[in-house]
Each structure stands twice: as structure tokens, then as C-alpha cells.
Amino acid sequence: MNKYIKVPLVGLLLLVGSSTAAAEWGGWVGVERDIDAKSNDLSLGASAPLPWDFAISGEFDFKGTGNKIDMEVDNIDFNVTKKVGLVSFYADTDLDNSFEWKETSVGIKFKF
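Scope of this entry: the structure provided in the associated data block. Computed from a predicted model, the values in this text were never measured in an experiment.

Cut-offs and rules
All chains use their own residue numbering, which begins from 1 and follows the written sequence. Given that this is a predicted model, residues contribute local features only at a pLDDT of at least 70 and side-chain atom pairs are listed and counted only at 80 or more, while totals for whole chains, interfaces and linings are drawn from all residues. With hydrogens and water set aside, each side-chain value is computed from the structure's full complement of heavy atoms. Secondary structure follows DSSP: runs of H or I at least 4 residues long count as helices, runs of E at least 2 residues long count as strands, and numbering of each begins at the N terminus. Burial status follows relative accessibility: with a 1.4 Å probe on protein chains alone, a residue under 20% of its type maximum counts as buried, one over 50% as exposed, and anything between as partly exposed. Residue contacts are defined here by distance: any two heavy atoms, one from each residue, within 4.5 Å place the two residues in contact. Here, Shrake-Rupley sampling with a 1.4 Å probe gives the accessible areas, and only protein chains in the shown set may cover a residue. The pairing test for Phe, Tyr and Trp rings, Trp by its six-membered ring, is centres within 6.5 Å, and the orientation test on the planes gives stacked under 30 degrees, edge-to-face over 60, and tilted for anything in between. Only when the NZ atom of a Lys or the CZ atom of an Arg is both within 6 Å of the ring centre and within 35 degrees of the ring normal do we say a charge sits over the ring. Any two strands between which DSSP finds at least two bridges are classified as paired. All axes here are fitted lines through C-alpha atoms, helices being fitted over the stretch that makes contact, and every angle between N-to-C directions spans 0 to 180 degrees. The term salt bridge refers to a pairing of a side-chain nitrogen on Lys or Arg with a carboxyl oxygen on Asp or Glu at a separation within 4 Å.

**Some details on the overall build of the protein**
For the protein, the helix and strand inventory stands at one helix and six strands. Mapped from its N terminus to its C terminus, the protein presents α and β elements in the order α-β-β-β-β-β-β. Taking all 112 residues of the protein together, the buried fraction comes to 26%. For the protein, the share of sequence-separated contacts (at least 6 apart) that also reach a separation of at least 24 residues comes to 27%. Accessible area for the protein stands at about 7700 Å²; split by element, carbon and sulfur atoms hold 61% of it.

Here it is, written out as C-alpha cells:
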């Protein structure tokens, strides 16, 4: 599938999935400057709550060279989180720009 179709398709799926709780979904844009590498990075993401205290989120990362940001996806992150009181269990999956699996990590966070 063409990369110009994959990115909007996944974005649409994230938004459709988030419509289950449209009043609580969130999105973000982040910009980062790497001083030593002299490069800029951009990230776009969205999150949505699910039933039973689960949440999903996805993020597209764009890497830059020099003082510009290349508008080609460098990395894609999908996350699932389950909250139990002050504890969150999570699974993070990273994909490359061809939507090929790179790694999955699982963990636990304590809020205080």
C-alpha cells in the first residue's frame, strides 16, 4: 500500500476509534530540536479512552535534517494502557515507516 495512503488511513482509524468517547479524546503536536545533531523533529498524535479504564493512543514521528522537517514518517507508535487505581499497565508497539513491527515493550507506571 502506498505510504501516502497509509498515513491518512491510520489517522482516520485513530479518529474513528476515538469517536466512542468524542468528548474526552485528545490530540497533540510536538516539535523538538536536537542541539548536537542540529536537526528538528515533529510528532503528531491522538488518544482515546476505551471502556473498562483502557486507553489507546498513536503517534507519528517525522525526522528532520538541518533546519527543516522531512514530512515523511520515520516512526509510528501505538500504545494501549490499562489503569487500576494509581497504577497503569501499558504496552507500546513501534513500527517503522513501512508499518513493519520494530519492537514492543510492556511496563507499569505508579502515580503519586
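Now that the structure has been shown, the text picks up again.
**Concerning the packing of aromatic side chains**
Taken as a whole, this structure holds zero aromatic pairs when the rule is applied. Above the ring of Y90, the side-chain terminus of K109 is found at 5.2 Å from the ring centroid.

**Quick look at the sheet that holds strand 5 (residues 87–96)**
Reading across the sheet, the six strands line up as 1-2-3-4-5-6 and stay open at both edges, with antiparallel pairing between neighbours. At either margin of the open sheet sits one strand with a lone partner, and together these are strand 1 (26–34) and strand 6 (101–110). Along the sheet, successive strands turn relative to each other by an average axial angle of 20°, direction set aside. Relative to strand 3 (residues 54–65), strand 2 (residues 39–50) runs antiparallel, the two being bridged by 10 bridges. Its bridge partner being in strand 3, L44 is matched across the sheet by F60.

**Brief notes about the pattern of salt bridges**
Using the criterion set out here, one finds one salt bridge in the structure. We note a salt bridge from D41 to K63, for which the minimum N-O separation is 3.6 Å. Of the two residues, D41 is situated in strand 2 and K63 in strand 3; the sequence distance between them amounts to 22 residues. By relative accessible area, which is 40% here, K63 ends up partly exposed.

**Looking at the pairing of strand 1**
Summarising the sheet, strand 1 and strand 2 pair through nine bridges and their orientation is antiparallel. Paired with W28 across the two strands is G45, which belongs to strand 2. Linking two consecutive strands that pair antiparallel, namely strand 1 and strand 2, is a turn of four residues; a positive phi of about 50° is found at K38 within it.

Read these as spatial facts, not as claims about activity.
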